[in-house]
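# Tertiary structure, described
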Amino acid sequence: QNYAGCVLATVWPFFLTSTISNPFLSKRKLISYIFDFLIILGIIFTASRNGLIGLILGTLIIFLPFGSKFILRSILGFSVIIFLNYVFKIIPLVEIGKTQYTNIINDPRILIWRSALKYILEKPIFGWGGNNFAYLWNRENMTYYGHSHSLPLEISIQYGLITSIILLGLVIYIIIKSFREIF
């Protein structure tokens, strides 16, 4: 569910931009609206917190250049969806609703990240090799997890801190350059 939510949240801004940039009402624009709706529905039905955050942030970032009118409409739209779900329980946000942070120290992701940091410190330069988190985790734990639930940690475990820092720096550079180009 998280992978699907992530992929859909990643393509969402591109589909939204495609719909916005088409000024004429035509069959193509109607198809764009249908795809936009299906992507939003797909993100919501994955019940992925990261997917929903990506949907909201992607929408707000795309609407930044258009001014506060579009941002307010987006916030209003998300508020209506949340309210309707609260009243009618249509959208399966059960997983999101179950999230409780009363004992965050024992949250499985925190435990996984702690272990991931330990593995990184054991082999910081070159890492453990591709797809070794599952092996490392499962030799010490009874509960199976196939990955570290964090891309930077996963890359650091597999290929070392040097590779992780280079890739993270490249992503940050692209984001900054794109942001300057767009805005």
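Scroll up to find the structure.
Thresholds, definitions, all that
Residues numbered from 1 in each chain as written. Predicted model: local features only at pLDDT ≥ 70, side-chain atom pairs only at ≥ 80, totals over all residues. Heavy atoms only, no water. Helix = DSSP H or I, 4+ residues; strand = E, 2+ residues; numbered from the N terminus. Buried < 20%, exposed > 50% of the residue type's maximum accessible area, 1.4 Å probe, protein only. Axes fitted to C-alpha atoms, helices over the stretch in contact; angles between N-to-C directions. Left-handed = near helix turned anticlockwise from the far one by under 90°. Contact = heavy atoms within 4.5 Å. Nonpolar A, V, L, I, M, F, W, Y, C, P; charged D, E, K, R; others polar. Polar contact = N/O pair within 3.5 Å; in protein donor to acceptor, adjacent residues only side chain to side chain. Phe/Tyr/Trp six-rings, centres within 6.5 Å; stacked < 30°, edge-to-face > 60°.

Moving on: the environment of Phe 37. Along the chain, Phe 37 falls in helix 2 (residues 27-46). C-alpha of Phe 37 to C-alpha of Trp 12: the two residues are 25 residues apart in sequence and 9.9 Å apart in space.

Following the sequence through the fold, Pro 108 ends up in helix 6 (residues 108-122). The class for Pro 108 is partly exposed, based on a relative accessible area of 39%.

Attention shifts here to unusual backbone geometry. At Asn 131, a position not held by glycine, the phi torsion is positive, near 60°. As for its placement among the helices and strands, Asn 131 is situated in the loop between helix 6 and helix 7 (133-138). Non-glycine residue His 149 carries a positive phi angle of around 60°. Within the element layout of this structure, His 149 appears in the loop between helix 7 and helix 8 (151-182).

With that settled, consider the packing of helix 2 against helix 3 (residues 49-63). Where helix 2 meets helix 3, the closest approach of the two axes is 7 Å, and the angle between their N-to-C directions is 145°. For the crossing formed where helix 2 meets helix 3, the hand is left-handed. Touching Ile 40, Ile 43 and Ile 44 of helix 2 are Gly 51, Leu 52 and Leu 55, all from helix 3. Broken down by class, the residue content of the contact of helix 2 with helix 3 amounts to 5 nonpolar, 1 polar and no charged.

For Thr 46, the location among the structural elements is in helix 2. Here Thr 46 falls in the buried class, since its relative accessible area comes to 11%. Within the structure, Thr 46 has its side chain in polar contact with the backbone oxygen of Ile 43 (distance 2.6 Å).

Quick look at the packing of aromatic side chains now. In the structure shown here, the tally under the stated rule is 4 aromatic pairs. The interplanar angle of 45° and the centroid separation of 5.8 Å between the aromatic rings of Phe 15 and Phe 35 together place this pair among those described as tilted. Taken as a pair, Phe 15 in helix 1 (residues 2-21) and Phe 35 in helix 2 lie far apart in primary sequence, 20 residues in all. When its relative accessible area of 32% is taken as the criterion, Phe 15 is described as partly exposed. An angle of 65° between the planes, with centres 6.0 Å apart, marks the rings of Tyr 119 and Phe 133 as edge-to-face. Taken together, the positions of Tyr 119 in helix 6 and Phe 133 in helix 7 put the pair 14 residues apart, joining distant regions of the chain. Each member of the pair Tyr 119 and Phe 133 is classed as buried.

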